[in-house]
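Analysis of the macromolecular model
One-letter residues, chain by chain:
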Amino acid sequence: MSEQILKINKVDICTESFGNPKDPAVLLIMGAMSSLDWWDEDFCLRLAGQGRFVIRYDHRDLGRSAVYEPGTSNYTITDMADDAVGVLDAYSIKQAHIVGMSLGGMIGQILALRYPERVFTLTLIASSVFGTVMEKLPPMDQTILDHHAKSASIDWSNREAVIPYLAEGWKTLAGSKPYEQKRMSKLAEREFNRAKQLPSRFNHAMLQGGDMYYDKMGEISVPVVIIHGTEDPALSYEHGLALAKAIPHAELVTLDGSGHEIHSEDWDKIIDSVIKLSS
């Protein structure tokens, strides 16, 4: 594992890599308000062990990447797609297999349209259609919004309060598979220890842009696999079905009982799908 702070699009972006740089590259793009820590290190190592060079990174306003004043909007989703390509440039990677979770999946869709020559394949986990179709699909479960509302009363310097809050956020996203309290708490602790300014994460709620790519998923030409849990409370299974309809050539892989999460019970199925698509 190798961590670097890279200057990308004139801002600092923190990355970590696993495996042999000579192997086919897999770029992991996490969702909104989620640092690279939530791509579990053991997951990354297992994927790298299948002969892939794996890169994960912190979006802006997360982890050790550039952060802005909480409550401000300083970049668009298109800028975030440009950041992803900037990571590939920094590693001298011409093409990569893109794996995006939630918002990361929408960034992946933009990448496949904006930079098709840089994308070998696209894996979209717990994501949705980047476009107007999304407005007609079931909304986020209220319990998730209620949890985020608690953030206003959090003392972000108090690790005894913040770590449980961060871990509990993933509990609200879980399906019916056993909630992995110990693993989530460990990852929350790592995020707390690494983060430069945790409250800046909520700037993602104001993210805009990318209008020119709305409803153009049918133009994605690279191989695509869509992975979605049947019990996703954030982006319900209907979002996965809509995405599969919007990208006609995509394969849909269903995770029974999974929520808006990358549950360890699903690692093998997810990794197998990525390897199969990228072989």
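Higher on the page you've got the structure.
Every chain is numbered on its own, with residues counted from 1 as its sequence reads. Per-residue local features of the predicted model are confined to residues with pLDDT of at least 70, and side-chain atom pairs are confined, for both listing and counting, to 80 or more; whole-chain, interface and lining totals are unaffected and use all residues. Side-chain metrics in this entry use all non-hydrogen atoms of the structure; hydrogen atoms and water are not considered.

Some thoughts on the overall build of the chain
This is how it is decided: Only DSSP runs of H or I with at least four residues qualify as helices, and only runs of E with at least two residues qualify as strands; both kinds are numbered from the N terminus onward. Between the two quantities, the radius of gyration covers C-alpha atoms and the globule rule is 2.2 Å times the number of residues to the power 0.38. For this analysis, residues touch if any pair of their heavy atoms sits within 4.5 Å. Charge counting follows a simple rule: Lys and Arg are positive, Asp and Glu are negative, and His as well as the terminal groups are ignored. Working definition for charges: the position is that of NZ of Lys, CZ of Arg, CG of Asp or CD of Glu.
Within the chain one finds eight helices and eight strands. Relative to its length of 279 residues, the chain is compact, with a C-alpha radius of gyration of 17 Å against a globular reference of 19 Å. For the chain, the spread of C-alpha atoms along the principal axes amounts to about 45 × 40 × 35 Å. Partitioning the contacts of the chain with sequence separation of at least 6, the portion at a separation of at least 24 is 77%. Distance between charge centroids for the chain: 4 Å, based on 27 positive and 38 negative side chains.

Section: helix α6 (residues 181–194)
Selection criterion: In this analysis, the expected span of each helix is defined as 1.5 Å times one less than the number of residues it contains. Burial classes: relative accessible area under 20% of the type maximum marks a residue as buried, over 50% as exposed, and values in between as partly exposed (1.4 Å probe, protein chains only).
Over its 14 residues, α6 runs 20 Å from end to end, which matches the ideal 20 Å to within 8%, given 1.5 Å per residue. Of all the positions in α6, only R183, M184, L187, A188, E191, F192 and R194 are classed as buried. At its buried positions, α6 is contacted by β1 (2–8), β2 (11–18), α5 (159–172) and α8 (267–277).

Re the side chain of S200
Assignment of secondary structure puts S200 in the loop between α6 and β7 (224–229). Setting aside its immediate chain neighbours within four residues, S200 contacts D61, V67, Y68 and P70.

Focus on the pattern of salt bridges
Short version of the rule: Salt bridges are identified by distance alone: a Lys or Arg side-chain nitrogen within 4 Å of an Asp or Glu carboxyl oxygen.
As enumerated under the stated definition, the model contains 17 salt bridges in all. Residue R64 is joined to E3 by a salt bridge in which the shortest nitrogen-to-oxygen separation is 2.5 Å. Residue R64 is found in the loop between β4 (53–57) and α2 (77–90), and its partner E3 is found in strand β1; the two are separated by 61 residues along the sequence. Among the residues examined, R64 registers a relative accessible area of 32% and is labelled partly exposed. Using a relative accessible area of 32% as the deciding quantity, one classes E3 as partly exposed. The salt bridge partner of R201 is E191, with a shortest N-O separation of 3.2 Å. Residue R201 is found in the loop between α6 and β7, and its partner E191 is found in helix α6; the two are separated by 10 residues along the sequence.

A few points about the packing of aromatic side chains
Cut-off, in case you're wondering: Centre distance within 6.5 Å is the pairing criterion for rings of Phe, Tyr and Trp, where only the six-membered ring of Trp is used; planes under 30 degrees apart are then read as stacked, over 60 as edge-to-face, and the remainder as tilted.
Counting across every chain of the model gives eight aromatic pairs. The interplanar angle of 75 degrees and the centroid separation of 5.8 Å between the aromatic rings of F43 and W267 together place this pair among those described as edge-to-face. Of the two residues, F43 is situated in helix α1 (residues 41–48) and W267 in helix α8; the sequence distance between them amounts to 224 residues. A single burial state applies to F43 and to W267, both of which are buried. Among the aromatic residues, those joined into a ring-pair cluster are W39, F43 and W267.

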